[in-house]
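# Examining the three-dimensional arrangement
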Amino acid sequence: MDLQLADRVILVVGGTGLIGRAVADLARAEGATVVTAARGDGADVRLDGADPASVDAAVARVLAEHGRIDGLVVAAAPPAQTLDPARSSDPEQVAQAFEAKAMTFLRVANAVVPTMREAGSGRIVGVSGQNARLSGSITAATRNAGLTIAAQALADDLAGTGVAVNVVDPGPVVDAPAQEVAVGKPGESSPEQVARAVLFLLSPANAISSQSIAVGHRVRGVLTL
């Protein structure tokens, strides 16, 4: 299947992370022009999602250099392993995690929407997580659910404009995913498997919008209506 990504300009925020790197590599293999962005070193553009001025400057630089942004992937967030389980309900940790994931997504998405609206096309994909549906960690659930809700509301705002917004929901992301899925747990997936789902949603060949798509078996034993 031709994803029609050749020569498309794709901005990958969190492009130096585990999932972001996989998305960038696969998008380049499909012929896309990929610009990676991150707070630290190693990315094409510096972008601090907590700083609106940094977000605006990064998006402006991509537009100045490439003339457009056809696709946006936001995979920026501190790894789940860095969240302190003992502080799961600590309001300070919850707020910091929400800011780093959900608000980063919203800031960057809002920054690229005007150029996509003007072009009459665009694809935005946020990387959330299946912890949004589990109550074991208030921190993890809040930061992931916040991103998902923001993405679906933004998709509704953009309905009919040619701009689609979706979310990819991985379970645990590991290099060698296990086939077994325990009851009450999500299935594992590799960075490349997550990236393949992201690339499909970036394709202008599909009209999917306002969806949250699990990668790895969705939490086993939990009904999703």
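Each remark here, short or long, concerns the structure printed above.
Here is what the cut-offs are and how they apply
Residues numbered from 1 in each chain as written. Predicted model: local features only at pLDDT ≥ 70, side-chain atom pairs only at ≥ 80, totals over all residues. Heavy atoms only, no water. Core = buried A, V, L, I, M, F, W, Y, C linked by side-chain atoms within 4.5 Å. Buried < 20%, exposed > 50% of the residue type's maximum accessible area, 1.4 Å probe, protein only. Helix = DSSP H or I, 4+ residues; strand = E, 2+ residues; numbered from the N terminus. Contact = heavy atoms within 4.5 Å. Expected span 1.5 Å × (residues − 1). Arc of directions from axis to C-beta. Pairing = 2+ DSSP bridges. Axes fitted to C-alpha atoms, helices over the stretch in contact; angles between N-to-C directions. Salt bridge = Lys/Arg side-chain N within 4 Å of Asp/Glu carboxyl O. Polar contact = N/O pair within 3.5 Å; in protein donor to acceptor, adjacent residues only side chain to side chain.

### Section: the nonpolar core
Counting residues in hydrophobic clusters, the biggest one holds 32 residues, and the most contacted among them are Leu-11, Val-13, Leu-72, Phe-105, Ile-124 and Val-165. Elements with a minimum of two residues in this core: β1 (9-13), β2 (33-38), α2 (52-66), β4 (71-74), α3 (91-119), α4 (138-157) and β6 (163-170). In terms of residue count, α3 provides more of this core than any other element does, seven residues in total. Discounting chain neighbours no more than four positions away, the residues touching Val-165 are Phe-105, Ile-124, Ala-151, Leu-154, Ala-155, Leu-158, Ser-209, Ser-210 and Gln-211. Residues Ala-32, Val-198, Leu-201 and Val-215 belong to the second largest nonpolar core, which totals 23 residues.

### Focus: α2
A rise of 1.5 Å per residue sets the reference length of α2, with its 15 residues, at 21 Å; its end C-alpha atoms lie 21 Å apart and thus fit the reference within 8%. Every buried residue of α2 is accounted for by Ser-54, Val-55, Ala-58, Val-59 and Val-62. Angular distribution of buried residues about the axis of α2 spans 130°; they occupy a single face of the element. Pointing more than 90 degrees away from the buried face of α2 are the exposed residues Ala-53 and Ala-64. Looking at the buried positions of α2, the neighbouring elements they touch are β1, β2, β3 (45-46) and α3.

### What about the sheet that holds β2?
One open sheet accounts for seven strands, arranged β3-β2-β1-β4-β5-β6-β7; its pairing is parallel. Across the chains shown, the open sheet's two edge strands, defined by having one partner strand only, are β3 and β7 (212-215). Bridge analysis of β1 against β2 gives five bridges, and the strand direction is parallel. Bridging from a neighbouring strand, Val-9 pairs with Thr-33 of β2. Packed on one face of the sheet, α3 meets β1, β4, β5 (122-127) and β6 and runs near 175° to β5.

### Looking at the pattern of salt bridges
Counted according to the given criterion, the structure contains six salt bridges. In this structure, the salt-bridge partner of Asp-25 is Arg-28, at a minimum N-O distance of 3.6 Å. Here Arg-28 and Asp-25 lie together in helix α1 (residues 18-29), a separation of three residues that amounts to about one turn. Of the residues examined, Arg-28 reaches a relative accessible area of 40% and is grouped as partly exposed. A salt bridge links Glu-99 to Arg-107, with the nearest nitrogen and oxygen atoms 2.6 Å apart.

### Some points on the side chain of Thr-161
One can find Thr-161 in the loop between α4 and β6. A distance of 2.6 Å separates a polar side-chain atom of Thr-161 from the backbone oxygen of Leu-158. At a separation of 3.2 Å, a polar atom in the side chain of Thr-161 contacts the main-chain amide nitrogen of Val-163. Leave out the neighbours within four places in its chain, and Thr-161 touches Arg-117, Gly-120 and Ser-121.

### A word on unusual backbone geometry
Positive phi is not limited to glycine here, since Asp-7 has a value of about 70°. Looking at the secondary structure, you find Asp-7 in the segment before β1. A positive phi angle, near 65°, is found at Ser-210, a position not held by glycine. Inspection of the secondary structure puts Ser-210 in the loop between α5 (191-202) and β7. A relative accessible area of 24% places Ser-210 in the partly exposed class.

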